[in-house]
Amino acid sequence: MNTADRNAPHATSDLGRRVAARRAQLGLSREDVADRAGSTPGFIAYVEERVPIPGIEFLVRLANALETTVQDLTGSTADRAPGGGRAGYRPRMEEIDEDECWELLDDHGVGRIAVEGRDGLMVIPVNYQVVDGQIVFMTAADSSLARTAASGAEVAFEEDHLDEAFSQGWSVLLVGPVRTLSDETAVRRIKDAVHSGPWAGDGRDTVVALSPRRVTGRRIRVPGAPGGP
């Protein structure tokens with residue numbers, strides 16, 4: 001990140017915040033985005049900081065530069081369930097090998113975990129961290145996940161990504177036992193490695209680790225789409 005990016009004022013609009021956040025997520029500078037969008041770094045800064053209302057033509061170019069959609073940048077899909085678009089033209093399903101599954105998970109993110117709760121099977125969203133070939137969660141001591149970990153039962157954990165604009169994406173599934181970590185040195189090391197605290201808030205200090213015995217993934221590709229065949 002260059003000095004101008006570091007010293008820039010905070011974004012003052014929802015669009016500006018989304019543009020800045022997506023740019024940071026991709027590891028791009030304003031110069032990079034400007035080059036991709038056929039614009040200038042100064043105008044990208046203006047979009048992020050000065051509450052502009054760019055024309056639709058520029059928004060399309062900006063969305064393409066940030067590998068997203070106009071709908072996502074403007075927030076029109078923020079409260080909608082993903083996957084509402086039509087299927088792509090002649091889609092193809094592919095298996096993803098285990099090494100690539102771990103690459104897709106990266107080192108942290110938000111996924112879903114299926115556990116047995118008081119009222120039966122339940123699926124809950126969770127922040128996760130990848131540490132030493134395990135998926136690590138921070139949870140409350142009295143949560144369903146913590147109770148499941150105390151018994152050493154198996155769970156299923158899933159993470160996915162959808163490209164709404166081109167109706168393609170991937171899904172990774174991990175299955176295996178979970179356990180509560182109690183060794184203070186191990187717990188401290190994992191807490192130090194955590195990228196961010198649980199989105200659900202404080203009071204989630206119990207560390208639970210999933211040691212997967214099965215890691216599988218699938219990808220839907222659409223011919224002609226970015227990243228497709």
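Further up the page is the structure itself.
This structure is a prediction, so every number in the text was calculated from the model and none was measured.

> Whenever I open this one, the overall build of the chain confuses me. Can you help?
Within the chain, the secondary structure is distributed over nine helices and eight strands. Taking the contacts inside the chain whose residues are at least 6 apart along the sequence as the reference set, 66% of them involve residues at least 24 apart. Just so you have it, the chain exposes about 13,400 Å², and 50% of that area is on carbon and sulfur atoms.

> Whenever I open this one, the packing of helix H3 (residues 30-37) against helix H4 (residues 41-49) confuses me. Can you help?
In a pair of packed helices, the angle between the axes and the distance between the axes together describe the arrangement. H4 packs onto H3 with a crossing angle of 105° between their chain directions and a minimal axis gap of 8 Å. As far as their axial angle goes, H4 and H3 are roughly perpendicular. The residues of H4 that touch H3, namely those facing Arg30, Glu31, Val33 and Ala34, are Pro41, Ile44, Ala45, Glu48 and Glu49. The residue inventory of the contact of H3 with H4, partitioned by class, reads five nonpolar, no polar and four charged.

> I keep staring at H3 and nothing clicks. Help me out?
Helical geometry note: an α-helix holds 3.6 residues per turn, so side chains three or four residues apart project in the same direction. Listed in full, the buried residues belonging to H3 are Arg30, Val33, Ala34 and Ala37. Within H3, the buried residues cover an arc of 100° as seen down the axis, which keeps them to one side. Positive phi appears at Gly38, one or two residues downstream of H3, with a value of about 70°.

> Please clarify how the pattern of salt bridges should be interpreted in this entry.
Two side chains that carry opposite charge are able to pair once their charged atoms sit near each other. Applying the stated criterion to the full structure yields 13 salt bridges. Across the salt bridge formed by Arg50 and Glu49, the nearest N and O atoms sit 3.9 Å from each other. Between Arg219 and Glu100 there is a salt bridge, with its nearest N and O atoms 2.7 Å apart. In this pair, Arg219 sits in strand E8 (residues 214-221) while Glu100 sits in helix H7 (residues 98-105), placing the two residues 119 residues apart along the sequence. If you follow the salt bridges from partner to partner, you end up with Arg23, Arg30, Glu48, Glu49 and Arg50 in one network.

Parameters at a glance
Residues numbered from 1 in each chain as written. Predicted model: local features only at pLDDT ≥ 70, side-chain atom pairs only at ≥ 80, totals over all residues. Heavy atoms only, no water. Helix = DSSP H or I, 4+ residues; strand = E, 2+ residues; numbered from the N terminus. Contact = heavy atoms within 4.5 Å. Areas by Shrake-Rupley, 256 points an atom, 1.4 Å probe, with all protein chains shown as cover. Axes fitted to C-alpha atoms, helices over the stretch in contact; angles between N-to-C directions. Parallel < 35°, antiparallel > 145°, perpendicular 65-115°, else oblique. Nonpolar A, V, L, I, M, F, W, Y, C, P; charged D, E, K, R; others polar. Buried < 20%, exposed > 50% of the residue type's maximum accessible area, 1.4 Å probe, protein only. Arc of directions from axis to C-beta. Salt bridge = Lys/Arg side-chain N within 4 Å of Asp/Glu carboxyl O.

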